[in-house]
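# Structural characterization, general
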Amino acid sequence: MSHRLVMTVLITCWIILRTSAFSVQKHENASDLAVDRMEPAVHVANRAFPSVADIYPEIGTDLTQVTWAHGVDTRKKLERALRGSVMMIEADVSLGKFKGDPLSSNRPIMAHPPVTASDLTLETFLDMVLDESQYKGIKLDFKSNEVLEQALQIIKSRENRIRVPLWLNADIIQGPVGATTEPLNTDMFLSLTKFYFPTAVISVGWTTKLGKEPGSYTFDHVRKMRDVLTAAQVTAPVTFPVRAALVTTLESRKNMLWLLNQIPGSTITIWSSFGDKVDVPALLDFIDAIGKEFVYIDVQRGLRCQISRYRTFRSASSWLLNTLAIARTGKFPAGTGFLALITYVTCMTSFLPWNADSYTRQ
């Protein structure tokens, strides 16, 4: 191989790596999982809140391009998220004490159990986000039945100021794998959100727990979700938050496709916890099968890095295999295991313990 050819190959690979993005390819076996889908931009009568694409038209129909700040439960994290370039801010709403007034009664604060005190109340969180000149969407994750209606009333008092996407989230069904966390009361959540905010995005998911064996979202899980949404006559836009480590099986993929068909215009929001072990190639297969116009990706920085790098390396290795004589030997290490390994190595600093908090800084 000539020196000039080697340099050409190296330069081309470097360009591919530098310009990579979340370009989603169709899964090669997706044909046998094909389903009839509604158009992503489903019209909702009297929609009160814009979609993410309305305030960030540059994403087009590619929902995987939406960026997130996750677990924004302190004033410092919120200030950082508001200064940054994220499009959506996710935060947890619990009933607890405000650190600035520890003797006061419990109120809606921004905190994830088991934390019971915060320097950020729901009122302050909303006011800081809504006062910003740069629009950022709001996703509120309600952690208990007790906080729900009081929090919704606080949000309602600011409704005329909300000019950004509003998502209301809760785990309302017990899910995989043998999850022990108690979900919110299904009827209460769906009825109250419909009463106070009939056009906000309803984000409804399952409680989860990772075990030693890989788990899946079963047909029973998705059937129960379909049944409760149908019974509640939900007409608002719906997204289903699913844990990245649990959607990498064929069973999960088929069942989620079925659920999306059952609820017109619905989408998927992929999330993960720091430390979750995720099969990245299988996760990309899931995203490709669903379609990037129906999938949000709200994951920690390390996993997002892996997703991006794996796509890049997969594209680069395919190009090399088709271009170089090495392809004829059949020995080039371009299998999914090898590519997954090198993506982990190149992203490994994102998985260090002191980077756990970086989940809030995407």
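Going by the structure above, here's the rest.
Analysis parameters
- Residues numbered from 1 in each chain as written.
- Predicted model: local features only at pLDDT ≥ 70, side-chain atom pairs only at ≥ 80, totals over all residues.
- Heavy atoms only, no water.
- Salt bridge = Lys/Arg side-chain N within 4 Å of Asp/Glu carboxyl O.
- Buried < 20%, exposed > 50% of the residue type's maximum accessible area, 1.4 Å probe, protein only.
- Core = buried A, V, L, I, M, F, W, Y, C linked by side-chain atoms within 4.5 Å.
- Phe/Tyr/Trp six-rings, centres within 6.5 Å; stacked < 30°, edge-to-face > 60°.
- Helix = DSSP H or I, 4+ residues; strand = E, 2+ residues; numbered from the N terminus.
- Lys NZ or Arg CZ within 6 Å of the ring centre and 35° of its normal.
- Polar contact = N/O pair within 3.5 Å; in protein donor to acceptor, adjacent residues only side chain to side chain.

Our focus in this paragraph is the pattern of salt bridges. Pairs may arise between side chains of opposite charge once their charged atoms sit close together. Inspection of every chain in the model, using the stated rule, returns eleven salt bridges. Here Glu 159 makes a salt bridge to Lys 156, at a shortest N to O gap of 2.9 Å. In this structure Lys 156 comes out as partly exposed when scored by relative accessible area, which is 32%. Measuring nitrogen to oxygen at the nearest pair gives 3.4 Å for the salt bridge that ties Asp 220 to Lys 224.

A few words on the nonpolar core. Ranked by internal contacts, the top residues of the largest apolar core, which has 77 residues, are Phe 125, Phe 142, Ile 155, Phe 189 and Phe 240. In terms of nonpolar packing, the next biggest core, distinct from the first, is built from twelve residues, Ile 59, Met 88, Trp 167 and Val 201 among them.

This next bit is on the packing of aromatic side chains. When we look at a pair of aromatic rings, we describe it by the centre distance and by the angle of the planes. In this structure the tally under the stated criterion is nine aromatic pairs. When the centroid spacing of 6.1 Å and the interplanar angle of 50° are considered together, the rings of Phe 49 and Phe 197 count as tilted. Here Phe 49 is found in the loop between helix H1 (3-18) and helix H2 (52-55), whereas its partner Phe 197 is found in the loop between helix H6 (186-196) and strand E7 (201-207), with 148 residues between them in sequence. By relative accessible area, Phe 197 is classed as buried at 1%. Note on Trp 167 and Tyr 296: the rings are 4.9 Å apart at their centroids and 80° apart in plane angle, and the pair reads as edge-to-face. Here Trp 167, found in strand E6 (residues 166-174), pairs with Tyr 296, found in strand E10 (residues 295-298); they are 129 residues apart in sequence, far enough to count as distant. For the pair formed by Trp 167 and Tyr 296, the shared burial category is buried. Feature note: the residues Trp 68, Trp 167 and Tyr 296 constitute an aromatic cluster, connected by ring pairs. The aromatic ring of Phe 197 is capped on one face by Lys 156, whose charged end is 5.2 Å from the ring centroid.

Attention now goes to the environment of Asn 145. Turning to its location among the elements, Asn 145 is positioned in helix H5 (residues 145-156). A distance of 2.8 Å separates the side chain of Asn 145 from the backbone nitrogen of Asn 185, its partner in a polar contact.

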